[in-house]
Amino acid sequence: MTFRGSCDGEIGRKILCAKLSTMDGTTTAEQDADNVIRILVATDNHLGYGEKDAVRGEDSFTAFEEILELAVSEDVDMILLGGDLFHDAVPSQNTLHKCIELLRRYTFGDRPVSLEILSDQGQCFHNAVNQSVNYEDPNLNIAIPVFSIHGNHDDPSGFGRLSSLDLLSTSGLVNYFGRWTDLTQVEISPVLMRKGVSQLALYGLSHIHDGRLARLIKDFKVKFNCPETVANDADGNESKEEEDWFHLLVVHQNRADRGPKNYLPEDLLPSFLHLVIWGHEHDCRIEPEENAKKRFYVSQPGSSVPTSLSEGEAKKKHVGLLEIYKGKFKLKPLPLETVRPFVFESVVLNDHAEELGLAEGDASTKVFKFAKERVEAMIERAAAQHTGHPKQPTLPLIRLRLLYTDESCMFNAIRFGETFSTRVANVQDVVQFSKVVKRTKTEAVNLDKEALRRALEADNATRVEELVDRYFEEAKSNKPLKLFHSKALAEMTYRLLEQRDADAAENIVKFYKEKAVDHLLEAMPNDENIEDELLSFRARHKHGDLLKMLDAQGSKVKKEEHSISELVGSAANVPIAPATGRGAAKGRGTARTRAASTAATRGKAQLNVTVSSTRTSGRQQTLLSSVMGSRNTASYVISDDSD
């Protein structure tokens, strides 16, 4: 099987993605069962969660059984799981036994499977005994194949680096794909399958630690391979057009922005995708949402069982019925009817202080009575969530979060929960107190936008630390620093980014404070003269001297051949060389040109999809230039370069 980058049809792909629609406009003849791929989509089943809880121990298995029942009743071709099938990396014997029992009961049978696998199965499915998909194993009768990646809860661990999914794969119960054994680089090749005239390229990105994935992206180590010519179509004609394939990616990473290295931005994913099934996030957003920039759609089914009493988990749980016909799809949400009712509510007590009279008398007793009335109302709302399904648990999950500022409003939450011991499933934590931190009003420090603009446009500011120094120099007349030198902040930035010294900020700030306190104790100024004395401290102690003193005292900061002070001081006499970027010394790749370095200073670096060719070049290739100027095999590469 050969693969190539789909850059030949990039313009056509964007047009196709822009026109991507459901199958409502196609005729019944076109949508016959022999041409439509039907997939039941679910993520984050967390089998075994709270299994020792006498009340909630069966919840995860009950919901998973309903999912399998839906797969049978909807007559799907396959089940696609988005990771975290198990709650623990090493599930208990009880959990494994129940999982195996359910899979054998609902996925085994004599019903023929209509999906034809076209890719190299030995490379696609990990730990498969016969190096093939399970329904092609002559010793097994599979009616509904299950395809799954692993998540962060059931990832490979321990001796042999095996996942619980490896056990299911070896036993022929699950087709485990998207597993990475070499975490120094990730090359994603799809599982290619066909049903009638519809062809599916299924990509799997099992969970990788977000920080590690960010480094792989930065170092151009994440690649997507796309199908070229695979086989003849139903009429015997060779299929070559990219539009013949529906590109589906299932991923298990943080989707919500939890910091620059703690999530996977959607914009990093390649634009040739049609649909992304996103696991790991538990709140249900199953309706496909279009990515405006890359023009693919994202569906986030969420978990099938609440694993935390949070607001996102309280949303109605769903799985999805995905139907694919050529380059079109339709995703129908299927509500789960066996999920335990869950009502979440958050109340700010200060908003009810006057109503409850918290300023007078026993505030704790008044809040206790108020909370009891709220919980009673929440239990009534939970009753409306009963679906009538015989297997749905009756006792609801109730979480009332009380936001307070005065501790006199608090009461014993465990004793409070005991009053509802026969009416709720989570007696121990019905009420959660969360303190609201009072923030005193201080003088607002506004960003000097004009100074920032001048700093960004400076020709000699090509690194982050230089931008920091330049900004404070430009803003000196408007917002002077009272204690720190601007170059000290630049040095702090340099050590954090370049030297990977996580303690740089703490060490430098602490040292400056100590020296400033020593200076004030020596001078003993009056209160009204403290600011003047701090200015005297800044004038007396140069930033270079202070940093040398800090390093001499045994700071953990690593010394490099050139400090940022030397670089800044000699910038006027040294011509600007091509920037190498932070990772150049660690094999990041070719040096960036001066134009690229200058562009990097104009704003935040953007993460783009580029093409890597078999020939190396001193400049980064664009999709168009790679297509027009090279016939070599290419693949999509995720990068964080702004070139």
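Predicted model only: the values in this text are computed from it and were never measured. (Residues numbered from 1 in each chain as written. Predicted model: local features only at pLDDT ≥ 70, side-chain atom pairs only at ≥ 80, totals over all residues. Heavy atoms only, no water.)

(A) Spatial organisation of the nonpolar core. The biggest cluster of nonpolar side chains holds 66 residues, and the ones touching the most others in it are Ile39 and Leu248. When residues of this core are assigned to their parent elements, the largest contribution, six residues, is made by helix H2 (residues 59-73). Those residues in contact with isoleucine 39, other than ones at most four positions away along the chain, are Val76, Met78, Leu80, Leu200, Leu248, Gly320, Leu321, Leu322 and Ile324. Counting residues in each nonpolar core, the second largest holds 27 residues, with Leu118, Ala201, Trp245 and Phe272 among its members. (Core = buried A, V, L, I, M, F, W, Y, C linked by side-chain atoms within 4.5 Å. Buried < 20%, exposed > 50% of the residue type's maximum accessible area, 1.4 Å probe, protein only. Helix = DSSP H or I, 4+ residues; strand = E, 2+ residues; numbered from the N terminus. Contact = heavy atoms within 4.5 Å.)

(B) Structural context of a nonpolar patch on the surface. On the surface, Val517, Leu521 and Met524 cluster together to form a nonpolar patch covering roughly 320 Å² of accessible area. Among the structural elements, methionine 524 can be located in the loop between helix H13 (504-523) and helix H14 (530-540). Take methionine 524: its relative accessible area is 59%, and that puts it in the exposed class. (Patch = residues over 30% accessible without salt bridge, like charges linked within 9 Å, V, L, I, M, F, W, Y side chains within 5 Å. Areas by Shrake-Rupley, 256 points an atom, 1.4 Å probe, with all protein chains shown as cover. Salt bridge = Lys/Arg side-chain N within 4 Å of Asp/Glu carboxyl O.)

(C) Structural context of a positive patch on the surface. Together, Arg161, Arg212, Arg215, Lys261 and Arg500 make up a region of like positive charge exposed at the surface. Judged by its relative accessible area of 45%, lysine 261 falls in the partly exposed class. (Lys, Arg positive; Asp, Glu negative; His and termini not counted. Charge placed at Lys NZ, Arg CZ, Asp CG, Glu CD.)

(D) View of the packing of H13 against H14. It is at 10 Å that the axes of H13 and H14 come closest, and there the two elements cross at 120°. On the basis of their axis angle, the class for H13 and H14 is oblique. As for the relative orientation of H13 and H14, their crossing is right-handed in sense. Taken together, the residues of H14 that come into contact with H13 (itself represented by Tyr512, Lys515, Ala516, His519, Leu520, Glu522 and Ala523) are Ile530, Glu533, Leu534, Ser536, Phe537 and Arg540. (Axes fitted to C-alpha atoms, helices over the stretch in contact; angles between N-to-C directions. Parallel < 35°, antiparallel > 145°, perpendicular 65-115°, else oblique. Left-handed = near helix turned anticlockwise from the far one by under 90°.)

(E) The arrangement of the pattern of salt bridges in detail. Overall, the coordinates contain 24 salt bridges when judged by the stated rule. A salt bridge links glutamate 289 to arginine 285, with the shortest nitrogen-to-oxygen separation between them at 2.7 Å. Glutamate 289 sits in the partly exposed class, given a relative accessible area of 27%. With a relative accessible area of 31%, arginine 285 lands in the partly exposed category. Ionic pairing is found between lysine 435 and glutamate 407, a salt bridge with its closest N-O pair at 3.9 Å. Here glutamate 407 lies in the loop between strand S19 (397-404) and helix H9 (413-418) and lysine 435 lies in strand S20 (residues 431-435), a separation of 28 residues in the sequence. For glutamate 407, a relative accessible area of 52% corresponds to the exposed category.

Such coordinate-based values are descriptive only and should not be taken to indicate function.
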